[in-house]
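Remarks on the overall topology
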Amino acid sequence: MKIYLNGKFVNKEDAKISVFDHGFLYGDGAFEGIRSYNGLVFRLKAHLDRLYETMHTLLIDPGLTKKQMGDAVIATLQINKLKDAYIRLIVSRGDGDLGLDPRKCFGRPNVVIITDKISLYPAEFYQKGMAIITVATIKNHPNALNPQLKSLNYLNNILAKIEAAHCGYDEAIMLDSQGYVGECTGDNVFIIKNGRLSTPHVASLKGITAEAILDLAKKMKVETREGYITRHELYNADECFLTGTAAELIPVVKVDGRSIGDGRPGALTQRLLSGFKSLTKIDGVKYRAV
Ligand code: PXG
């Protein structure tokens, strides 16, 4: 496996970053999780736009244009001869001293691209749906750490994941600071009620998979709504599912012990999942595997 590290391809064992990198010391940096399907990098432009927005807010200049960054992603897939892959793109602040002041970071940002075979959730989750719970850890307030920032500081989500795991669940719903449904630790939440598809708007990351699902739903003439969702609405939804780059679209059949709909993956959920699968075959930036 070759890793892209600051413009060079190095072996996995040699892909090393200093312990003075502020990504390591403080979680100071940005990342993206991207997928390629049969040589098509799904919505690469949207991922690059989101990465550069996070870096803009963090005042990190990677020293690469979006085009160069996109080319580096494709080159990493090519050198690893990967067509179906999970791509992790990381830009950390770079080396500094032991204080948190980024102005004292003398090193340039570290740009890392890791491509690996995609590891999927068990097939059973997609067929039978998942049971998930709401956890006590709420989402960071948007004016503290905005959910649109895909930063290297994921402790908020990790704390929620730990809570879910301690209760015997694989995924957690996090509420926002007002108590409305926010998102899961690495996935967006959708509900369907009376044929209308809804997802929370402000308090969650604008997922690229979620955007693709909303586009699909509109094409399928399904009414969509982005707004506040309460737990009561979630419990009484006809269908529920989660979306994310890794999970794609995964049905949810139970939340906090309440069955959703008839307790099985819903019909519209399944239509959207098959629509999404077709989309991943055509919607992407192409590369030629060497
Ligand atoms: N919400 C959060 C908090 C995320 O981190 C999503 C939603 C879905 O967004 P996309 O653009 O992927 O549709 C994410 C992204 C993991 C993992 O290991 C998942 C993400 C990031 C990092 C790791 O499950 N998901």
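Residues numbered from 1 in each chain as written. Predicted model: local features only at pLDDT ≥ 70, side-chain atom pairs only at ≥ 80, totals over all residues. Heavy atoms only, no water.

**Section: the site of the ligand**
Put simply, the rule reads: By convention in this text, a residue qualifies as near a molecule or strand provided that one of its non-hydrogen atoms is within 4 Å of it. What qualifies as a polar contact is a pair of N or O atoms within 3.5 Å, subject to a donor-acceptor requirement within protein and to the restriction that residues adjacent in sequence count only when both atoms come from side chains. Using the Shrake-Rupley algorithm and a 1.4 Å probe, accessible areas are obtained, with residue cover drawn only from the displayed protein chains. Here a strand is any run of E in DSSP of at least two residues, a helix any run of H or I of at least four, and the numbering for each starts at the N terminus.
Looking at the ligand, there are 18 residues lining it, with Tyr154, Glu183, Ile208, Thr209 and Thr245 nearest. At a separation of 2.7 Å, a nitrogen atom of the ligand approaches a polar side-chain atom of glutamate 183. Residue threonine 209 places a side-chain N or O atom 2.6 Å away from an oxygen atom belonging to the ligand. Within the complex, the protein chains bury 82% of what would otherwise be the 550 Å² of accessible surface of the ligand. For the shell around the ligand, the elements supplying multiple residues, two or more each, are helix H6 (208-219) and strand E13 (239-244).

**Remarks on the packing of helix H2 (residues 44-58) against helix H3 (residues 66-79)**
Spelled out, the test is: Fitted lines through C-alpha atoms serve as axes, helices being fitted only where they are in contact, and the angles separating the N-to-C directions of these axes extend from 0 to 180 degrees. Orientation labels follow simple angle bins: below 35 degrees gives roughly parallel, above 145 gives roughly antiparallel, 65 to 115 gives roughly perpendicular, and whatever is left gives oblique. Two helices cross in a left-handed way if the nearer one is turned anticlockwise from the farther one by less than a right angle. They cross in a right-handed way if the turn is clockwise. Here, two residues are considered to be in contact whenever any of their heavy atoms come within 4.5 Å of each other. Gly is put with the polar residues, along with every residue not named as nonpolar or charged; the nonpolar set is Ala, Val, Leu, Ile, Met, Phe, Trp, Tyr, Cys and Pro, and the charged set is Asp, Glu, Lys and Arg.
Running from amino to carboxyl end, H2 crosses H3 at an angle of 125°, the nearest separation of the two axes being 10 Å. Overall, the two elements H2 and H3 adopt an arrangement that is oblique. Between H2 and H3 lies a crossing of right-handed hand. Residues Leu44, Leu48, Asp49, Leu51 and Tyr52 of H2 lie in contact with H3, whose contacting residues are Lys66, Met69, Gly70, Val73 and Ile74. Partitioned by chemical class, the residues of the contact of H2 with H3 number seven nonpolar, one polar and two charged.

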